[in-house]
Structures are given as structure tokens and as C-alpha cells.
Amino acid sequence: MPFTRITLGESYSDTALTQLSILLQQALVAEFDVPERDCFQVTERLPASQRVFDRHYLSGGRSDRFVLFQVLAGRPRTRHQKQSFYRALCTALQAEMAIDPDDVMIILQFNSTEEWSFSGGRMLAEEEAR
């Protein structure tokens, strides 16, 4: 049940956004133990003035094609799953969209099912208890 916010520059086309979304979901399903239909994403295209980032901090160099993925997931994953997800997403973005892995930043956060309500005001933890 991850929710992902994808933040990138205005130069990305609608077609590129669709492709980013598909590649992200494929990596989540393949490496992060996410059900195929469990897809919740928000994409933000921002002007350069609203994207402040260091071009070299812990990176070989970021360009204007820099993409930030913030993934909020409902249960922790193993170190191996996290690393596999990072690599799979970067590999796919490079192979399919020519996005340099140095232009990809991924942040994972985890919480419990008590912090999720998918609809109807029902807590996910209560739904799972049924």
C-alpha cells in the first residue's frame, strides 16, 4: 500500500510522466512486494525556482532531469528489498528513459496500518482484522 509522490522538472512531458509511473509500479511490484493493482501516485512538475537541490551531494552530479521519489509504505521492508527496489527503479529509468541514476533520489518512509484509511473513514487496521 505505498503512496508515492514524484517530483520533477517542467521539462518532462505527459508521456514521460506516464512512463515514469509505469516503471515505478513495475519496480514496486517486482522488488517491494506490492500487489499489482495497489497503485497510488501523485506527480508534481515544478519550475526550477521551486526545486532546490545540491547537484553533487552524495552523487556523481545531478542535472535538470533530477527526479525525487518519496515512497510512504504501510509496513517495513527488508534491507535487501529496499536495495533491490532502488537498483531496479534506477536501472529501468536509465534503460527506458535515459535518466541517469545520479538524477534519481528515492526516500522511503514507513508507518502502520492505523495511519491509513482507503475509503469510507475505515481504518485499514480494522479492515485487516475482519
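The following paragraphs examine the structure supplied in this document. Note that the coordinates shown come from a computational prediction; the quantities given were computed from them, not determined experimentally. (Residues numbered from 1 in each chain as written. Predicted model: local features only at pLDDT ≥ 70, side-chain atom pairs only at ≥ 80, totals over all residues. Heavy atoms only, no water.)

## Let's talk about the pattern of salt bridges
Stage number 1. Per the stated rule, a full pass over the model turns up four salt bridges.
Stage number 2. For Glu 44, the salt bridge identified is with Arg 5, shortest N-O distance 3.3 Å. In this pair, Glu 44 is assigned in strand S2 (residues 40-46) and Arg 5 in strand S1 (residues 3-9), connecting sequence segments 39 residues apart.
Stage number 3. You can call Arg 5 partly exposed: its relative accessible area is 28%. (Salt bridge = Lys/Arg side-chain N within 4 Å of Asp/Glu carboxyl O. Helix = DSSP H or I, 4+ residues; strand = E, 2+ residues; numbered from the N terminus. Buried < 20%, exposed > 50% of the residue type's maximum accessible area, 1.4 Å probe, protein only.)

## Looking at the nonpolar core
Stage number 1. Tyr 12, Leu 20, Phe 69, Phe 85, Leu 89 and Leu 93 are the most contacted members of the largest nonpolar core, which totals 26 residues.
Stage number 2. Elements with a contribution of two residues or more to this core: S1, helix H1 (14-31), strand S3 (67-73), helix H2 (79-97) and strand S4 (104-110).
Stage number 3. With seven residues, the single largest contributor to this core is H1.
Stage number 4. Excluding anything up to four places from it in sequence, Leu 89 contacts Leu 23, Leu 24, Ala 27, Phe 69 and Ile 106. (Core = buried A, V, L, I, M, F, W, Y, C linked by side-chain atoms within 4.5 Å. Contact = heavy atoms within 4.5 Å.)

## Some words on the packing of aromatic side chains
Each aromatic ring pair is characterised by the separation of its centres together with the angle its planes make.
Stage number 1. Per the counting criterion, the structure on display carries six aromatic pairs.
Stage number 2. The interplanar angle of 40° and the centroid separation of 5.1 Å between the aromatic rings of Phe 32 and Phe 85 together place this pair among those described as tilted. With Phe 32 in the loop between H1 and S2 and Phe 85 in helix H2, this residue pair connects regions lying 53 residues apart in the sequence. Accessibility assignment for this pair places Phe 32 and Phe 85 in one class, buried.
Stage number 3. When the centroid spacing of 5.6 Å and the interplanar angle of 10° are considered together, the rings of Trp 116 and Phe 118 count as stacked.
Stage number 4. It is Arg 77 that lies over the ring of Phe 32; its NZ or CZ is 4.4 Å from the centre. (Phe/Tyr/Trp six-rings, centres within 6.5 Å; stacked < 30°, edge-to-face > 60°. Lys NZ or Arg CZ within 6 Å of the ring centre and 35° of its normal.)

## Some remarks on H1
Stage number 1. Here H1 contains 18 residues, and its C-alpha end-to-end distance of 26 Å stays within 8% of the 26 Å for a straight helix at 1.5 Å per residue.
Stage number 2. Along H1, the residues classified as buried are Ala 16, Leu 17, Leu 20, Leu 23, Leu 24, Gln 25, Ala 27 and Leu 28.
Stage number 3. Elements in contact with the buried residues of H1: S1, S2, S3 and H2.
Stage number 4. At the exit of H1 stands Asp 33, carrying a positive phi of roughly 60°. (Expected span 1.5 Å × (residues − 1).)

## A look at the sheet that holds S4
Stage number 1. Overall, mixed pairing links the four strands, which are arranged S2-S1-S3-S4 in an open sheet. Of all strands in the sheet, those bounded by a partner on one side alone are S2 and S4. Shown here is a sheet whose adjacent strand axes are inclined to one another by a mean of 15°, direction ignored.
Stage number 2. Note: S1 against S3, five bridges, orientation antiparallel. Along S3, the bridge assignment pairs Thr 7 with Leu 68.
Stage number 3. Each of S1, S2 and S3 touches H1; the most contacted strand, S2, lies at about 140° to it.
Stage number 4. Running at roughly 150° to S4, H2 makes contact with S3 and S4 of the sheet. (Pairing = 2+ DSSP bridges. Axes fitted to C-alpha atoms, helices over the stretch in contact; angles between N-to-C directions.)

## Side note on H2
Stage number 1. With 19 residues, H2 extends 27 Å between its outermost C-alpha atoms, agreeing within 8% with the 27 Å of an ideal straight helix rising 1.5 Å per residue.
Stage number 2. Within the span of H2, buried status applies to Gln 81, Ser 84, Phe 85, Leu 89, Cys 90, Ala 92, Leu 93 and Met 97.
Stage number 3. Packing partners of the buried residues in H2 comprise H1, S3 and S4.
Stage number 4. Trailing H2 by a residue or two, Ala 98 shows a phi angle of about 55°, which is positive.

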